[in-house]
Amino acid sequence: MDGEGSVVEDENPFKSPEKKRRFTSFQSSWKSSFDWIAESRRGPQHVTCKICGCDFTISHGGRHDIQRHASSEKHRQNSKHVLYVRSTQGHDEQNSCATKVTAAETAFVSMIAEHNLSFTCGEHILKFIKKHCADPEVVKKISCGGTKAACIARDVMGPKYQNDVVAMCRKLPFCVYLDKNMDWGEEKLLVILVGFFDVDLEKNVIRFLDMPRCVSETSQAVFDCLMETMRKFNVPAGNLVAFSSENDASMIGPEDSVLSRLKSVSPGIVNLGGVCHLAEICSNVGVEALSAPLAELVSDIHSYFSSSAHKQHRLKTLGVLVDLELLKTIKRVPVRWLHLSKVIKHVSDLWPALLPYFINCESRASKVELISERLQNQELRLVFLYLQFALQPLCQFHSKLQNTDSRVVTLHEDVNRIIQLYAGRLLKPEAAAKFITERDLSLLDDVDSMLQNEEIRLGSEVREYLRVHASSISSADTEKKIYKKAALFCTAVLKKMLQSSAEHYSLLKNAGVFLNPESKLKLSGKLAVDLASQVGMCLTGEEEYQLLDEFSVYQLSDTIDVKTESNPHVNDTNACVVKYWGTVLKQMCGSEGELPIFKKLMLVLLCLPHSHAEPQRAFSIVQKVKAEVRHCLTLKALIGLLSIKMNEDRECFEVQYPTEILEAAKKATSVYNKEHKSLK
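Residues numbered from 1 in each chain as written. Predicted model: local features only at pLDDT ≥ 70, side-chain atom pairs only at ≥ 80, totals over all residues. Heavy atoms only, no water.

Chemist: How would you summarise the state of the cysteines if you had to cite specific residues and measurements?
Modeler: Enumeration over the complete set of coordinates arrives at 0 disulfides. Take C175: it sits in no disulfide, and the sulfur closest to it among the cysteines is that of C607, at 6.2 Å. Residue class for C175 comes out buried when judged on its relative accessible area of 0%. (Disulfide = S-S within 2.5 Å. Buried < 20%, exposed > 50% of the residue type's maximum accessible area, 1.4 Å probe, protein only.)

Below is the structure:
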């Protein structure tokens, strides 16, 4: 059968061979779409799911296999868990960062408290850190210990700022401010400040120049010390055009004073001390004219209550609180009544409560009896009430003089307004007008020129007191006495005001008119020449004609409206004028030597001191820097610190120092070390 029954089928020669299957391998490009996959250790036909922590094959479907795994229930549940964990970790990281920030802030406040720094100082330190310590490499390498910091301040930055001020004094007219009341151990120091008009800043500035040792406080020693300083820095004596100091005879007296010696060197030097202290001087002479025991009463009340806490408590039970710190100011010598207006008001307010307290006081000591007697004196009570009204204009005038901007423009008007006010309170209208015009002091002694008692203004407080106590006052003739005292006060103030402002009356009047831009086209060349003479500019005939020509160029130039330029909110007359002249003088600097005489005249007028407020603030800074914590510093280091602090207007984190200063700072410590080794 084999040969017959079976059929042997041969293979079909036309049958196609079987295809070899291809497997899909992992592609890195898939990670951009599926960030949760990674290459598997099992080979290229598998991938690892980082969320599920497992491997699965992709050999058949490739990308489709990955999508199928992503849609599986297991992967979806695991994905939700991972998202929750990640959000929790992010929140923990945020909390951790916030905690670190709070810890840093707490430690920072602790540092401020430890070193007795102000909160404003702390704010500046943080701004400095954010600006200069953003680079970690800088933070790692920065080192500025006590020795290095002292070297940089004493030998680099201090001299740099001091030389900048010296350079300005060599080319600009300036005013000198002196304070001889600085101690350095057993030695005396003379603080020398200079003031000038900075054209770039468009304002008056006061700068620290030097603080040399002074052998004594005599006028000759102070003068010699000042002159030696100017010679040391090679500052021309002719640039010193104005002088300002405390109201002391040895400093500004007509004879044997620092000022009188300066005038022997520079005859035209200007001192407006009488005007600067005008409000203070007038208030003192006015109060003295009243011949009332004001200071004695206040001082006795302060002494009585400050000696016993029990007495203070007893007064508090009556609902009365005595400000002992305020009353304590009366003990300062000399008494400055202008600054004691708050004391006067405080005592006046306390009077109704103090009167029965001392009348019924158990102790009848002589001091208590004296206080009680004075509190029962209606005339003295009226004097306290009157002074609240009488001192008010002088206080307002004094406040104006505290302004940092120059008030030379309106100073004459301000003084005139005070004179008009007190003349109106004392004299009849015709006599007051004549007094203001002719400045005739004899009118103040003419009884016929004075107002009748009922026309003299005493203030609302006095008027009300007189009305309420009319019956008791009329019998004691107290009303007539208070009118007389008011006349004495106004008379004393007017006499002193005219005497103190007489020397510079014409200068202030001419300067105010000349500096006012609104008077530009109304000015005469003669006024410019007169002003130059009044401020000590001795001009030759040729220089006088040059000044007139330069004045004409200014007068016919385009007028600058400072209110519409960069600062439309400037409304104060003095601020507008200062900005106006800053802009005008800046334009004059366009070419070398342009309008030199006219420009100098303007710079002289703008640097004239109108107040002692700004220099006193500067002297206070000197005292603060020279505190007990600085006792280990050398004088040179102290001068360096003062030069840095007082001669830079920008904030510390805004200053960019030139390359030469940075190079000098790098070498400062090494130079110090070499000098220190050589001394051993």
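Moving on, there is more to tell.
Chemist: Run through the packing of aromatic side chains, naming residues and quoting values.
Modeler: Two descriptors summarise a pair of aromatic rings, namely the distance from one centre to the other and the angle between the planes of the rings. For the structure on display, the rule yields 21 aromatic pairs. Judged by centre distance (6.3 Å) and plane angle (55°), the rings of F514 and F598 are tilted. Of this pair, F514 sits in helix α23 (residues 505–515) while F598 sits in helix α27 (residues 596–607), and the two are 84 residues apart along the sequence. Both residues of the pair, F514 and F598, belong to the buried class. What links up through ring pairs into an aromatic cluster is the set F514, F551, Y554, Y580, W581 and F598. If you follow R439 out to its NZ or CZ, it ends over the ring of Y505, 3.9 Å from the centre. The ring centre of Y554 lies 4.9 Å from the NZ or CZ of K520, which sits over that ring. (Phe/Tyr/Trp six-rings, centres within 6.5 Å; stacked < 30°, edge-to-face > 60°. Helix = DSSP H or I, 4+ residues; strand = E, 2+ residues; numbered from the N terminus. Lys NZ or Arg CZ within 6 Å of the ring centre and 35° of its normal.)

Chemist: Break down the side chain of D65 for me, citing the residues and quoting the values.
Modeler: By the element assignment, D65 lies in helix α1 (residues 63–70). Accessibility expressed as a relative area gives 5% for D65, which makes it buried. Dropping the residues within four chain positions of it, D65 is found in contact with F56, T57, I58, S59 and H60. (Contact = heavy atoms within 4.5 Å.)

Chemist: Which residues make up helix α29 (residues 635–646), and what values do they have?
Modeler: Along its 12 residues, α29 runs 16 Å from first to last C-alpha, staying within 8% of the 16 Å computed at 1.5 Å per residue. Every buried residue belonging to α29 is among L635, A637, L638, I639, G640, L642, S643 and M646, and all of these are buried. In this fold, the buried residues of α29 make contact with α5 (146–171), β4 (174–184), β5 (187–198), β6 (203–210), β7 (213–214) and α28 (613–625). (Expected span 1.5 Å × (residues − 1).)

Chemist: Any chance you could break down the pairing of strand β3 (residues 54–57) for me, citing the residues and the numbers?
Modeler: The pairing of strand β2 (residues 46–49) with β3 spans 4 bridges and is classified as antiparallel. Residue pairing in the sheet places T48 in a bridge with D55 of β3. In textbook terms, the turn of a hairpin is the stretch between consecutive antiparallel strands, and for β2 and β3 this stretch comprises 4 residues, one of which, G53, has a positive phi near 75°. (Pairing = 2+ DSSP bridges.)

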